[in-house]
Amino acid sequence: MNAATVRALLEPFEDYLSTQGIVFPIELETEFHQNKLASALSVHTAETPPELVERLEMIALLHGTQSTLKFEEDYAELLAECRGENDSPADVAVKMFLCAPHIVWREFDRQAAKCQRTFSVFRPAGGLPLQPSSPDMLERVERLLGPWFARNARTNWCRVRQVDAEDGITFLVYHGDLMNRVTVIADDGTTRSELFRPERLDIVRYRREGGEWLVSGNGSKVRDELRKAFGSVFHCSATALREVCEYSLEPLLRGKPALDCAGSKSIMNVSLSSVVVPFRTGRMVLDRGDVMDMLMSVRTAGMRIDQAELIFRIVGLRYPVRVTIDARNGKLKSSSQIPAIEQWIEAAGFRKVAPHAPEQALLDIA
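Here is a short report on the structure shown in this document. (Residues numbered from 1 in each chain as written. Predicted model: local features only at pLDDT ≥ 70, side-chain atom pairs only at ≥ 80, totals over all residues. Heavy atoms only, no water.)

Some points on helix α11 (residues 291–298)
Okay, so step 1: Where α11 is concerned, the buried positions are V291, M292 and L295. Summarising the axial view, the buried residues of α11 lie within an arc of 100°, below the 170-degree limit, and thus occupy one face.
Okay, so step 2: On its buried face, α11 sits against β9 (267–279) and β10 (282–286).
Okay, so step 3: The N-terminus of α11 is capped by D290, whose side-chain oxygen sits 3.2 Å from the backbone nitrogen of M292. (Buried < 20%, exposed > 50% of the residue type's maximum accessible area, 1.4 Å probe, protein only. Helix = DSSP H or I, 4+ residues; strand = E, 2+ residues; numbered from the N terminus. Arc of directions from axis to C-beta. Contact = heavy atoms within 4.5 Å. Polar contact = N/O pair within 3.5 Å; in protein donor to acceptor, adjacent residues only side chain to side chain.)

Structure (structure tokens):
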């Protein structure tokens, strides 16, 4: 980043950084100054301000070109005011944060929505209509979930945010988790036991295609409360959303044709990384060499596949996307939520989707 950007970012923490040997105004002209600042920022102690750690984490996540492109799409005027002629994407992220922190944290939430999760799939029963989303609706969800979290030792505090995408909407549910106790060690070597409450992020995702709800929570009880709360608010009934378990691994028994992706413009390749099949009184795991060939060599009439991991190569993505399907409990875990993958899974027969009546799409929150 430009030196002026670094100074603007770190000025509020002058008192702390001065104790780490950093002289203000910060100098970055020589490699010595750069290394000294890097050392001060990379070593955290009990005195390190949490706000400083948050800022560094935010920049680490949003410093890339993709975040800048997102800012260009959604906040072009604000970006034009903040961006200088020689600014890098990291400079842009910092200046946007200093000018409009709520917008940058909103993009941070977009990134958080992409983290790997295991989802349970629900559909509304009996054609119950879908209510449009609004800030008031999110507050109603918070009021429903807060008391349950309080009764179950997770505090009465709950916040729900919304992240919009073309294929649906992701709701980020922030709340307190169960209390935790750890032993911490100070710089002088003394130790103490410290009690704290972690913040938990659960995710509820609405898919416009098929009108489905995907719910991820830490434990079946939490997932059930999320199901009831979102069903009550968006379908006017706590029992509106019913779980579906329709993932199947039977297509793999057809061999390599089951992984054909010639009809997809976004998926370059699909490969089988591992499978788990029943064997005698236990299970057999195939995860070495050409897994598909190995599966075909042990295939028998009536064979059942319990679990499989598929690896997707996506156009424009440097890293592969890993998807695990557990046919026993109807769960799917993915390292990234990409509509093209979900569509391929349905088209290839790994998931059977029942026909749905047309449903009103959730309205975007401005």
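Details of the pattern of salt bridges
Okay, so step 1: One pass over the full model with this rule turns up 18 salt bridges.
Okay, so step 2: Among the ionic pairs, D87 bridges to K95, the shortest N-O distance being 2.8 Å.
Okay, so step 3: Taking the relative accessible area as the measure of exposure, D87 reaches 15% and is therefore buried.
Okay, so step 4: Using a relative accessible area of 26% as the deciding quantity, one classes K95 as partly exposed.
Okay, so step 5: Between R227 and D224 there is a salt bridge, with its nearest N and O atoms 2.8 Å apart. Of the two residues, R227 and D224 are both situated in helix α10 (residues 220–235); the distance of 3 residues between them amounts to about one turn of the helix.
Okay, so step 6: Owing to a relative accessible area of 14%, R227 belongs among the buried residues under this scheme. (Salt bridge = Lys/Arg side-chain N within 4 Å of Asp/Glu carboxyl O.)

Structural notes on the packing of helix α9 (residues 135–151) against α10
Okay, so step 1: Two elements in contact, α9 and α10, have axes whose closest approach is 9 Å; the angle formed by their N-to-C orientations is 145°. Crossing of α9 against α10: the hand is right-handed. Residues M137, R140, V141, L144, L145 and W148 of α9 pack against K221, V222, E225, L226, A229, F230, S232, V233 and F234 of α10.
Okay, so step 2: Of the residues assigned to the contact of α9 with α10, the class counts are 11 nonpolar, 1 polar and 3 charged. (Axes fitted to C-alpha atoms, helices over the stretch in contact; angles between N-to-C directions. Left-handed = near helix turned anticlockwise from the far one by under 90°. Nonpolar A, V, L, I, M, F, W, Y, C, P; charged D, E, K, R; others polar.)

Considering the packing of aromatic side chains
The description of an aromatic ring pair rests on the distance of the ring centres and on the angle between the ring planes.
Okay, so step 1: For the structure on display, the rule yields 10 aromatic pairs.
Okay, so step 2: For the pair F171 and F230, a centre-to-centre distance of 5.2 Å together with 55° between the ring planes defines the contact as tilted. Of this pair, F171 sits in strand β3 (residues 168–176) while F230 sits in helix α10, and the two are 59 residues apart along the sequence.
Okay, so step 3: When its relative accessible area of 0% is taken as the criterion, F171 is described as buried.
Okay, so step 4: Seen from their ring centres, W213 and F230 are 5.8 Å apart, and the 50° between their planes marks the pair as tilted. Of the two residues, W213 sits in strand β7 (residues 212–216) while F230 sits in helix α10, which places them 17 residues apart along the sequence.
Okay, so step 5: Taking relative accessible area as the criterion, F230 reaches 1% and is therefore assigned buried. (Phe/Tyr/Trp six-rings, centres within 6.5 Å; stacked < 30°, edge-to-face > 60°.)

Quick word on α9
Okay, so step 1: Relative to the 24 Å expected for 17 residues at 1.5 Å per residue, α9 spans 25 Å between its end C-alpha atoms, a close match to the ideal helical length.
Okay, so step 2: Where α9 is buried, its residues meet β2 (158–165), β3 and α10.
Okay, so step 3: Two residues or fewer past α9, A153 is found with a positive phi of approximately 65°. (Expected span 1.5 Å × (residues − 1).)

Thoughts on the nonpolar core
Okay, so step 1: Of all hydrophobic cores here, the largest spans 40 residues; its most connected members are L252, L272, L295, F312 and W344.
Okay, so step 2: Those elements that provide at least two residues to this core are β1 (117–124), β3, β6 (199–207), β9, α11, β11 (307–314), β12 (321–326) and α12 (339–347).
Okay, so step 3: The biggest single contributor to this core is β9, with 5 residues.
Okay, so step 4: Filtering out sequence-adjacent residues up to four positions away, L295 remains in contact with L252, L272, V275, V277, L286, M303 and I305.
Okay, so step 5: Formed by 27 residues, the second largest nonpolar core is a distinct cluster that contains L10, I22, V92 and V104. (Core = buried A, V, L, I, M, F, W, Y, C linked by side-chain atoms within 4.5 Å.)

Quick notes on the pairing of strand β5 (residues 191–196)
Okay, so step 1: Of the pairings in the sheet, the one linking strand β4 (residues 180–185) to β5 comprises 6 bridges and is antiparallel in character. By the bridge assignment for β5, V182 is matched with E194.
Okay, so step 2: Between the antiparallel neighbours β4 and β5 lie 5 residues, among them G189 with a positive phi of about 95°. (Pairing = 2+ DSSP bridges.)

Things to note about the pairing of β10
Okay, so step 1: Across 5 bridges, the pairing between β9 and β10 is antiparallel. Following the sheet pairing, V275 is matched in β10 by L286.
Okay, so step 2: Here β9 hands over to β10 after 2 residues, with R280 in that stretch at a positive phi of 55°.

Shape descriptors only; they carry no functional weight alone.
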